[in-house]
Structures are given as C-alpha cells and as structure tokens.
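# Breakdown of the fold
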Amino acid sequence: MECQRPVFATPDTSHLSPQDFDLVYEPAEDSFLLLDALESEYFSLRKLRPTICVEVGCGSGICITFLASMFGPGACYICTDINPTAAKVAAQTADQNKVLIHPIVCDLVNAINDQLRGKVDILVFNPPYVVTPSNEVGNGGIEASWAGGEKGREVIDRFLPHAVQLLSLQGILYLVIIKENRSDEIEDKMRQFGLHMTTVKNRRAGKENLYVLKFTRVT
Ligand SMILES: C[S@@+](CC[C@H](N)C(=O)[O-])C[C@H]1O[C@@H](n2cnc3c(N)ncnc32)[C@H](O)[C@@H]1O
C-alpha cells in the first residue's frame, strides 16, 4: 500500500501585529515556497532521523517552527537572525505553536559554527536575495531581510562555506534564491566544496522567479 505524505499546517502567526511586521520580515511567497519544499521532502528528511535542525535568518520563525512541528521534540531546533527583534518574535511563534526552538542573535552562523561543525542534519536559509546596491547590505533592521547586494548574492556567498562546514555527512541544505542570483554559479561553487545541487521547487511570484535549491554531499 502506498504511504501518503502527511500534510503539515502552516504555523499560526496570528499573534503578530502589523507593527511587528514593520520590524521583522512578514512571511511571503518565498517563505511559503520553502515550507512547501520541506513538506515535499518529508520522507527523505525523516530517513535522516534529524537530531539538529538549523534555520539561518529566521525572521518571524515560521520555517523553524514548521520544521519543529514536522519532526517533533526528538530533535533540537536552532535559529539565528541578525535582527534581534526577529529572534524575539520567532520565540513567540514557537510558543504560539507549542514547539520549542532556540533563537540566537548573530551574523549568519557565527555563534554556532564551532559547536555544530559537521552536526547539522537539516539547514535552511531564505536569505536576503534582492539585487540592491552593496551599501544597503547588512544595515540591520527590516532592510536586512531583502538587501542582497550585487547579483543579490553578497549574503548568500558569505554563507555557503559555513553551510558546508556545518552539515553532517547525510545533512541537507535548503536555500531559497531568485533567478538573478544565478543558480549555475552557486552550483559551481558548491561543487567545488563537494556538494551536489538539485532544485526542489520553483514558482513565479509577481516579478520574482523563486527556487528552493537542495544541496547534499557527493558520496
Ligand atoms: C527573506 S527574510 C526570511 C525570513 C524567514 N526565514 C521567512 O522565510 O519568512 C531573511 C532573514 O534573514 C535575516 N538576515 C539577513 N542577513 C543576515 C545575516 N547576516 N545573519 C543572520 N540573519 C540575517 C533577516 O533579518 C531576515 O529575517
């Protein structure tokens, strides 16, 4: 008998107000595409028996909360954001949805790099990917949600070498990008680090062509 993939509810963010979303990224098409991708990967991810899941740039906390609902209390759920309000709001989202997460305020994965090297089973990042002038990158606050600099890749390119180091042998990275970020160039970079890339989801949303890329170690 064929086993049906379970459907997971989108985390409840009704506790967040419009004022919260002046300070923290409001879940949008990119966030929901990432949730769809994770849900579609449920069986492959379950096989990993994940023990450590990390989201970089958690914003409202919708994605890490979704992962925590998928895999339950057997794993540890850590998320980071450079925006302190995002870390606070993400903790509230987890509470609202009755899961436990550990938000950390830091640049990318600086605070967990050493302790979690080679230990992360599921790593996700919906990064600031919009093509903007370089001087808009890393300005903090809500602008940090989208400002990606040249080719929209300045934050992504800084993150990729860290991702490679964090992943466990079986670990999987899911990364949201848009067409302008040049998936072919990202694929070349990651191949040099020994990672194989596939596309899990692709959707057009207004002007944006969104992709969820998946990276695994070449065995
Ligand atoms: C596009 S939003 C995604 C938010 C959330 N994950 C979602 O999918 O709705 C990008 C997030 O990355 C965070 N961010 C940007 N630069 C970062 C950095 N250098 N280190 C950690 N987080 C960063 C932003 O503050 C923002 O919350």
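Residues numbered from 1 in each chain as written. Predicted model: local features only at pLDDT ≥ 70, side-chain atom pairs only at ≥ 80, totals over all residues. Heavy atoms only, no water.

### Brief notes about helix 2 (residues 29–40)
With 12 residues, helix 2 extends 16 Å from end C-alpha to end C-alpha; this agrees with the ideal 16 Å at 1.5 Å per step. Burial in helix 2 covers these residues: Asp-30, Ser-31, Leu-33, Leu-34, Leu-35, Ala-37, Leu-38 and Glu-39. (Helix = DSSP H or I, 4+ residues; strand = E, 2+ residues; numbered from the N terminus. Expected span 1.5 Å × (residues − 1). Buried < 20%, exposed > 50% of the residue type's maximum accessible area, 1.4 Å probe, protein only.)

### Focus on the sheet that holds strand 1 (residues 52–56)
The 7 strands are arranged 3-2-1-4-5-7-6 in an open sheet whose pairing can be described as mixed. The open sheet is flanked by strand 3 (102–105) and strand 6 (195–205), the only strands paired with a single partner. On average, each strand axis in the sheet is inclined to that of its neighbour by 15°, with strand direction left out of account. Sheet topology places strand 4 (residues 120–125) next to strand 5 (residues 167–178); 5 bridges connect them, and they run parallel. Each bridged residue has a counterpart across the sheet, and for Val-120 the counterpart in strand 5 is Leu-167. (Pairing = 2+ DSSP bridges. Axes fitted to C-alpha atoms, helices over the stretch in contact; angles between N-to-C directions.)

### Some details on the site of the ligand
Around the ligand, the structure places 19 residues, and the nearest of them are Ser-31, Gly-57, Asp-81, Asp-107 and Leu-108. In this structure, a nitrogen atom belonging to the ligand sits 2.8 Å away from a main-chain N or O atom of Gly-57. Coverage of the ligand by the protein chains reaches 98% of its 590 Å² of free accessible surface. (Near = heavy atom within 4 Å. Polar contact = N/O pair within 3.5 Å; in protein donor to acceptor, adjacent residues only side chain to side chain. Areas by Shrake-Rupley, 256 points an atom, 1.4 Å probe, with all protein chains shown as cover.)

### Some thoughts on the packing of aromatic side chains
Overall, the coordinates contain 5 aromatic pairs when judged by the stated rule. Judged by centre distance (6.2 Å) and plane angle (80°), the rings of Phe-8 and Phe-66 are edge-to-face. Taken together, the residues span a long stretch of sequence, with Phe-8 in the segment before helix 1 (20–23) and Phe-66 in helix 4 (residues 62–71) at a distance of 58 residues. Phe-66 matches Phe-8 in its accessibility class, with the two residues each being buried. Ring centres 5.9 Å apart and planes at 15° place the aromatic pair Tyr-42 and Phe-71 in the stacked group. Residue Tyr-42 is located in helix 3 (residues 42–47), and its partner Phe-71 is located in helix 4; the two are separated by 29 residues in the primary sequence. (Phe/Tyr/Trp six-rings, centres within 6.5 Å; stacked < 30°, edge-to-face > 60°.)

### As for the pairing of strand 3
Where strand 2 (residues 76–81) lies against strand 3, 4 bridges are found, and the strand directions are parallel. In the sheet register, Thr-80 faces strand 3, and the bridge partner there is Ile-104. With helix 5 (residues 84–96) bridging strand 2 and its parallel neighbour strand 3, the resulting β-α-β unit is right-handed. (Right-handed = clockwise from strand over helix to strand, strands pointing away.)

### Regarding the pattern of salt bridges
Between side chains of opposite charge, a pair can form when the charged atoms approach closely. Applying the stated criterion across every chain, the model contains 13 salt bridges. Residue Glu-185 is joined to Arg-153 by a salt bridge in which the shortest nitrogen-to-oxygen separation is 3.0 Å. With Glu-185 in helix 7 (residues 183–192) and Arg-153 in the loop between strand 4 and helix 6 (154–166), this residue pair connects regions lying 32 residues apart in the sequence. Judged by its relative accessible area of 21%, Glu-185 falls in the partly exposed class. Residue classification places Arg-153 among the buried residues on the basis of a relative accessible area of 5%. Asp-184 is paired through a salt bridge with Arg-182; the nearest N and O atoms lie 2.6 Å apart. Relative accessible area serves as the criterion here: at 37%, Asp-184 is assigned to the partly exposed category. When its relative accessible area of 35% is taken as the criterion, Arg-182 is described as partly exposed. Shared partners join several salt bridges into a network, and the residues in it are Lys-151, Arg-153, Asp-157, Arg-182, Asp-184 and Glu-185. (Salt bridge = Lys/Arg side-chain N within 4 Å of Asp/Glu carboxyl O.)

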